[in-house]
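Residue-level structural notes
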Amino acid sequence: MLWAAVDNGIYIPNLCAIRRALEPYGGCRLCFVEIEGRSAPVTACTEPVAEGIVVNTQGAKARRLARTALELLLASHPVDCAHCAKNRSCELQKLCSFLGVKLNTRRFRKLVHNYPIDSSCPQFVYDPNKCVLCGKCVWVCRERFGIGVLGFAHRGFDRIVTTFEDKPIAESGCHVCNDCIKVCPVGSLVLKESSKAGAPEDEQCRKPARRRG
Ligand code: FES
């Protein structure tokens, strides 16, 4: 239903939906809508379109759930937009503006991770602290190469997108196709400044050169 709405010019907040995916992931819980005759809102990305269905994309209950989901995301997201490469093109900024939520909302206690930033790859940087666990990078990586370099590990607050055995990206077998960077909705996976003009396609990520002496 999500894509039927989008194709007809009706925006429904979403973060984890991938049009090409056969199965919706349904992880972000932002795309709530209300369907006439149903007692509770449903997620639009998991709900098929049906004949005669009446959908309210702006119902109060659905909006409340979407706002809560966004505020929970922001509670564990380091909000430092001025110093973020994704400033002004970040989906969180757009969602906040659409749903009327402040980026620095304090409804929930702020609890951010302090993971090391992985800049081992010559092409891009991965900052897991900014990851919103939408799963798009995991999906595109798997779609393109069969067995993805990136995957989910752990559960709950410790859930993270990482590589096999938590290796640095440069040692993970990453092909640097940059698909993950294209789909990352926030500033978690971003090109390095030096790579912005003409990043090579499918170049195997090299190990960083060892320092001498
Ligand atoms: S877009 Fe529906 S749950 Fe994320």
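The text that follows walks through the structure, step by step, so that each part is easy to find. Going along each chain's sequence as written, the residues are numbered from 1 onward. Predicted model: local features are reported for residues with pLDDT of at least 70 only, side-chain atom pairs are reported and counted for 80 or more only, and whole-chain, interface and lining totals are derived from all residues. Only heavy atoms go into the side-chain values, all of them from the structure, while hydrogens and water stay out.

What follows concerns the pairing of strand 5 (residues 150-153). The sheet contact formed by strand 5 and strand 6 (residues 160-163) spans 4 bridges and is antiparallel. Counted as the bridge partner of F152 is V161 from strand 6. Paired strands, in this sense, are two strands between which DSSP finds at least two bridges. To qualify as a helix, a DSSP run of H or I must reach at least 4 residues; to qualify as a strand, a run of E must reach at least 2; elements of each kind are numbered from the N terminus.

This paragraph deals with helix 4 (residues 136-145). Using a 1.4 Å probe on the protein chains alone, a residue whose accessible area is under 20% of its type maximum counts as buried, one over 50% counts as exposed, and one in between counts as partly exposed. Buried within helix 4 are the following residues: K136, C137, V138, V140 and C141. Only heavy atoms enter the contact rule, under which two residues are in contact if any of them lie within 4.5 Å. For helix 4, the elements touching its buried residues are strand 5, strand 6, helix 5 (179-183) and strand 7 (189-191). The first or second residue beyond helix 4 is G146, which carries a positive phi of 80°.

Once that is clear, we can look at the state of the cysteines. Cysteine sulfur pairs qualify as disulfides if the two atoms are within 2.5 Å. Within this structure, the stated rule accounts for 0 disulfides. Of all cysteine sulfurs, the one in C134 lies closest to C184, which takes part in no disulfide; the gap is 6.3 Å. On the basis of relative accessibility, which here comes to 8%, the residue C184 falls in the buried class.

Take helix 3 (residues 91-99) next. Taken together, the buried positions of helix 3 are occupied by L92, Q93, L95, C96 and L99. When helix 3 is viewed along its axis, its buried side chains cluster within an angular range of 165° and face the same direction. In this structure, the buried residues of helix 3 make contact with helix 2 (60-75). One or two residues past the end of helix 3 sits G100, with phi positive at roughly 70°. Summarising the geometry, the arc corresponds to the directions from the helix axis toward the C-beta atoms.

Attention now moves to the sheet that holds strand 2 (residues 42-43). In space, the 3 strands of this open sheet follow the order 2-1-3, with antiparallel pairing throughout. Edge positions in the sheet fall to strand 2 and strand 3 (55-56), since each of these pairs with one other strand and no more. Where strand 1 (residues 32-35) lies against strand 3, 2 bridges are found, and the strand directions are antiparallel. Bridged to I35 within strand 3 is V55.

Moving on, we come to the pattern of salt bridges. For this document, the term salt bridge refers to a Lys or Arg side-chain nitrogen within 4 Å of an Asp or Glu carboxyl oxygen. This structure, assessed with the given rule, holds 8 salt bridges. For E143, the salt bridge identified is with R20, shortest N-O distance 2.8 Å. Placement of E143 in helix 4 and of R20 in the loop between helix 1 (2-7) and strand 1 is noted, with a sequence separation of 123 residues between them. By relative accessible area, E143 is classed as partly exposed at 44%. D179 is the salt-bridge partner of R144, the closest N and O atoms lying 3.2 Å from each other. Of this pair, R144 sits in helix 4 while D179 sits in helix 5, placing them 35 residues apart in sequence. Within this structure, R144, D179 and K182 form a network of salt bridges that share partners.

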